[in-house]
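The primary structure of each chain is shown beneath.
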Amino acid sequence: HVLAIRTPDERLAWLGGLTSRSYDTVIAAFRGFAGHLIVDGYGAYQRLRAGVDAVLAGIQQCCQHVMRRCRGVAKLGPGSLQSWWTGQVTTALTDAHTAVQDAKADQQNTLDPGLLAQLRDRYNQAVDSGITHNRHRDWHDGNHPGYTLAAWLNSYADQVWHFTTH
């Protein structure tokens with residue numbers, strides 16, 4: 001396991017080896033770190049934000065990991081159902097990324113609140129659709145992956161969208 005830490009401007013990177021991704025190992029690697037952490041969805045990171053050892057200013061779910069998970073669910077079908085709602089999620093996130101880059105280029109510190117609300121609404125509607133259409137869909141080992149992803153996107157929406165406000 002490799003832990004990659006970069007400065008926001010990506011001029012400085014530190015790579016460190018981890019013996020495991022256990023909670024204790026992760027906590028040890030971030031003891032004293034009080035910044036914003038971009039994570040891949042692994043649950044141990046959540047305890048850095050809310051547990052006794054909470055030190056982080058915030059957690060950003062990696063949008064590339066989110067989009068990869070959406071592409072995986074989109075392939076499952078039936079028909080175009082999965083690709084529709086996951087496509088709406090990824091489009092909303094892509095549009096948000098573009099809006100953030102445009103705001104930075106215009107030397108603005110925040111996004112237009114109306115635009116941000118519109119983008120979040122598109123995301124929320126797509127996630128709600130994923131939950132609704134997959135809630136009772138059978139799957140061989142539990143919940144359908146579409147439901148699992150949509151429920152996760154709903155639960156972690158603030159972390160998925162962290163980049164738009166920080």
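For the structure itself, consult the block above.
Rules behind the numbers
- Residues numbered from 1 in each chain as written.
- Predicted model: local features only at pLDDT ≥ 70, side-chain atom pairs only at ≥ 80, totals over all residues.
- Heavy atoms only, no water.
- Helix = DSSP H or I, 4+ residues; strand = E, 2+ residues; numbered from the N terminus.
- Contact = heavy atoms within 4.5 Å.
- Buried < 20%, exposed > 50% of the residue type's maximum accessible area, 1.4 Å probe, protein only.
- Pairing = 2+ DSSP bridges.
- Core = buried A, V, L, I, M, F, W, Y, C linked by side-chain atoms within 4.5 Å.
- Phe/Tyr/Trp six-rings, centres within 6.5 Å; stacked < 30°, edge-to-face > 60°.
- Polar contact = N/O pair within 3.5 Å; in protein donor to acceptor, adjacent residues only side chain to side chain.

So, the environment of Pro-145
Locating Pro-145 in the fold gives a position in helix 6 (residues 145-155). When the C-alpha atoms of Pro-145 and Ile-27 are compared, they prove to be 29 Å apart, with 118 residues separating the residues in sequence. Setting aside its immediate chain neighbours within four residues, Pro-145 contacts Val-73, Leu-76 and Trp-139.

A look at the pairing of strand 3 (residues 36-39)
Regular strands place their side chains on alternate faces of the sheet. The two faces of strand 3 differ: Leu-37 and Val-39 on one face are buried, but His-36 and Ile-38 on the other face are not. Of the pairings in the sheet, the one linking strand 3 to strand 4 (residues 58-61) comprises 4 bridges and is parallel in character. Bridge pairing in strand 4 links Ile-38 to Gln-60.

Quick word on the nonpolar core
Val-89, Leu-93, Tyr-123, Leu-153, Val-160 and Trp-161 are the most contacted members of the largest nonpolar core, which totals 28 residues. Listing elements by their share of this core, those giving two or more residues are helix 3 (63-74), helix 4 (81-105), helix 5 (113-134), helix 6 and helix 7 (157-160). Examining the composition of this core, we find that 8 residues originate from one element, helix 4, more than from any other. For Leu-153, the contacting residues outside a window of four places in its chain are Val-66, Cys-70, Trp-85, Val-89, Tyr-123, Val-127 and Val-160.

Comments concerning the packing of aromatic side chains
For the structure shown, the criterion picks out 4 aromatic pairs. Ring centres of Tyr-42 and Tyr-45 lie 5.8 Å apart, and the angle between their planes is 85°; on these two criteria the pair is classed as edge-to-face. Taken together, a centroid distance of 5.4 Å and an interplanar angle of 80° make the contact between Tyr-123 and Trp-161 edge-to-face. Taken together, the residues Tyr-123 in helix 5 and Trp-161 in the segment after helix 7 connect sequence positions 38 residues apart.

Looking at the side chain of Gln-159
Tracing the backbone shows Gln-159 in helix 7. Judged by its relative accessible area of 14%, Gln-159 is buried. At 2.7 Å, the side chain of Gln-159 and the side chain of Gln-46 are in polar contact. Within the structure, the side chain of Gln-159 is placed 2.8 Å from the side chain of Gln-61, a separation counted as a polar contact. Those residues in contact with Gln-159, other than ones at most four positions away along the chain, are Gln-46, Ile-59, Gln-60 and Gln-61.

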